[in-house]
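Structural features, examined
Listed below, chain by chain, are the residues.
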Amino acid sequence: MLRRAELWIEENILREKILCAGCILVSDLQKHGVETIVREYSGVRGEETDAWMHDVLNEQTDLGRENVCIGTVSCGDLYTAHSSMAQGTLYITDSEAAYRVLRQHGKYVLAYRHEENQGASFAGGLYVIEKIEEVDYEIVDMAYRRLAGLPWEILATKRCIIRETIEADTDSFYSIYAGPDITKYMEDLYADKDEEIAYIRDYREKVYAFYGYGMWSVLTKEGTVIGRAGINWREGFDLPELGFVIGVPWQRQGYAYEVCSAILAYADEELGFSQVQALVMEGNDKSAALCRKLGLQWEEKVILEDGVYDLYRNL
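Each chain carries its own residue numbering, running from 1 in the written order of its sequence. For this predicted model, a pLDDT threshold of at least 70 governs which residues receive local features, and a threshold of 80 or more governs which side-chain atom pairs are given and counted, while totals over whole chains, interfaces and linings are taken from all residues. Side-chain figures throughout are based on the complete set of non-hydrogen atoms in the structure, without hydrogens or water.

Taking burial as the measure, the 5 residues of strand E4 (residues 89-93) include 5 buried ones, the bulk of the element. When DSSP finds two or more bridges between two strands, those strands count as paired. Note on conventions: DSSP H or I runs of at least 4 residues are helices, E runs of at least 2 residues are strands, and numbering of each starts at the N terminus. As defined by bridge partners, strand E1 (residues 4-9) adjoins E4 across 5 bridges and the pair is classed as parallel. Following the sheet pairing, Arg-4 is matched in E4 by Thr-89. Orienting the strands away from the viewer, one traces the path from the first strand over the helix to the second; a clockwise path indicates a right-handed crossover. The β-α-β motif built from E4, the intervening helix H4 (residues 96-104) and the parallel element strand E5 (residues 108-112) has right-handed crossover chirality. Relative accessibility decides the category of a residue: with a 1.4 Å probe and only protein chains considered, values under 20% of the type maximum give buried, values over 50% give exposed, and everything between is partly exposed.

Further remarks concern the environment of Arg-145. Locating Arg-145 in the fold gives a position in helix H5 (residues 137-148). When the C-alpha positions of Arg-145 and Leu-2 are compared, they lie 7.8 Å apart, and in sequence the two are 143 residues distant. Residues within four places of Arg-145 in sequence aside, it is in contact with Met-1, Leu-150, Pro-151 and Trp-152. Here, residues are in contact when the closest pair of their heavy atoms is within 4.5 Å.

Turning next to the confidence of the model for the protein chain. Regions with low pLDDT should not have their predicted coordinates read in detail. On a range of 0 to 100, pLDDT expresses the predictor's confidence in each residue. Of all residues in the protein chain, 86% attain a pLDDT of 70 or more, and the chain-wide mean is 87. Segment residues 43-47 is flagged for pLDDT under 50; beyond a separation of four residues in sequence, or across chains, it makes 5 contacts in the model. Across residues 60-85 the pLDDT falls below 50, and counting only partners more than four positions away or on other chains, this stretch makes 60 contacts in the model.

It is worth spelling out a nonpolar patch on the surface at this point. Patches were defined on residues exceeding 30% relative accessible area and lacking a salt bridge, with like-charge contacts within 9 Å and nonpolar side-chain contacts (Val, Leu, Ile, Met, Phe, Trp, Tyr) within 5 Å. Per-residue accessibility takes into account occlusion by the displayed protein chains alone, with areas from the Shrake-Rupley method and a 1.4 Å probe. What counts as a salt bridge is simple: a side-chain nitrogen of Lys or Arg found within 4 Å of a carboxyl oxygen of Asp or Glu. Judged by side-chain polarity, Phe-210, Tyr-211 and Trp-233 come together as a nonpolar surface patch covering roughly 390 Å² of accessible area. Residue position: Tyr-211 is located in helix H8 (residues 193-211).

What follows covers the pattern of salt bridges. By the definition in use, this model includes 18 salt bridges. Arg-39 is the salt-bridge partner of Glu-6, the closest N and O atoms lying 2.9 Å from each other. Of this pair, Glu-6 sits in strand E1 while Arg-39 sits in strand E2 (residues 35-40), placing them 33 residues apart in sequence. Given the relative accessible area of 0%, Arg-39 is considered buried. With its nearest N and O atoms 2.5 Å apart, the salt bridge here joins Glu-40 to Arg-15. Of this pair, Glu-40 sits in strand E2 while Arg-15 sits in helix H1 (residues 11-18); the two residues are 25 residues apart in sequence, bridging distant segments of the chain. In this structure, a network of salt bridges that share partners links the residues Arg-4, Glu-6, Glu-35 and Arg-39.

Within the sequence span of H4, burial applies to Ala-97, Ala-98, Tyr-99, Val-101 and Leu-102. Between the side-chain oxygen of the N-cap and the backbone nitrogen of Ala-97 there are 3.3 Å, and the N-cap of H4 in question is Ser-95. Immediately beyond the C-terminal end of H4, within one or two residues, lies Gly-106, with a positive phi of roughly 75 degrees. Think of a polar contact as two N or O atoms within 3.5 Å of one another; within protein, one of them needs to be a possible hydrogen donor and the other a possible acceptor, and neighboring residues in sequence only count if both atoms come from side chains.

Right, let's get into the packing of aromatic side chains. Only Phe, Tyr and Trp rings take part, Trp by its six-membered ring, and two of them pair if their centres are within 6.5 Å. Stacked means planes under 30 degrees apart, edge-to-face means over 60, and tilted covers everything else. Scanning all chains against the criterion turns up 11 aromatic pairs. Between Tyr-213 and Phe-273, the aromatic rings sit 5.5 Å apart at their centres with planes inclined by 80 degrees, giving edge-to-face as the arrangement. Pair noted here: Tyr-213 is in the loop between H8 and strand E9 (215-220) and Phe-273 is in the loop between helix H9 (255-269) and strand E12 (277-281), with a separation of 60 residues, a long-range link. Taking relative accessible area as the criterion, Tyr-213 reaches 9% and is therefore assigned buried. Among the residues examined, Phe-273 registers a relative accessible area of 16% and is labelled buried. Clustering of aromatic rings is evident, with ring pairs tying together Phe-210, Tyr-211, Tyr-213, Trp-233 and Phe-273.

Another aspect to go through is a negative patch on the surface. For the purpose of charge, His is not counted, nor are the chain termini; Lys and Arg are scored as positive and Asp and Glu as negative. Here the site of a charge means atom NZ of a Lys, CZ of an Arg, CG of an Asp or CD of a Glu. Taken together, the side chains of Glu-138, Asp-268, Glu-269 and Glu-270 make up a negatively charged region of the molecular surface. Examined against the element boundaries, Asp-268 turns out to sit in helix H9. The exposure class assigned to Asp-268 is partly exposed, which follows from its relative accessible area of 41%.

A word on the nonpolar core. In this structure, Trp-216, Ile-231, Leu-242 and Ile-263 are the most contacted members of the largest nonpolar core, which totals 36 residues. By residue number, the principal contributor to this core is H9, which donates 8 residues. Excluding its chain neighbours within four sequence positions, the residues that come into contact with Ile-263 are Leu-155, Ile-162, Trp-216, Ala-229, Gly-230, Ile-231 and Leu-242. Ranked by size, the runner-up nonpolar core spans 24 residues in total, among them Leu-7, Val-26, Leu-90 and Leu-110. In this text, buried Ala, Val, Leu, Ile, Met, Phe, Trp, Tyr and Cys residues form a nonpolar core when linked through side-chain atoms within 4.5 Å.

This next bit is on the state of the cysteines. One covalent bond between the sulfur atoms of two cysteine residues makes up a disulfide. Here, a disulfide means two cysteine sulfur atoms that sit within 2.5 Å of each other. One pass over the full model with this rule turns up 0 disulfides. Summary of cysteine pairing: Cys-23 is not part of a disulfide, and the nearest cysteine sulfur, belonging to Cys-20, is at 5.6 Å.

See below:
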């Protein structure tokens, strides 16, 4: 989780754009318990820049009055926690040189582009901030999780957490898919567990990172993986598709309806998908009944390579 944020910002931009009434970033980070440190780098220019930043990362330099410290630590304590907090730290900088050095040190970095640094190159980064006044804790935390390879938590229901799938979920999936009632109506996992892990890793890198949604893991509030559900696209269809599977031990307890109704609301409110479809293999009466309970209406039968499906859509 994100425990520490360091902002390395030019002093005038710092005061005009960040330490001002119109920007909530610092206060929102603090409100969520994130140790927040702001470093202004005025007076450090030209050939000295790289050496200065390397020294900071190596905990060798005290920047004295050039530090503006905000959060739970004082200027004198800036460096004591630096190494131990590295795995939970995100850096935000408007300096091309700082961006380059931080990445060379293997740090997680967000670039901040504004009117004074339009010529800066922030090559290789996943994200660039342009309107920092619109950035809050949630945006920063999601960016940190993506950079650090941590799953996004999508939403929570009364009894469940829905989050991005991780490789550690694989054993739970194999237990869930072991029941013949599960694989009777849907594609099975890879026979080789290593192939399934590789598929999950590739899915995280190419689907979650690109779309921001997909098929997710469903967990109880106690942390047990009980199924999968989410929104994806099927080739040849023009609407996003609701998919779901709940393990047999947790069926007939209302989990599928609880999770899928929350996902449909999320798809509408957060993803802008007012219409969603579901394809249910012929004979899968339980899933068909769930679709109707969710408010999806039957439209037609569809013949695909692996069988005949009933197509449901919401209005």
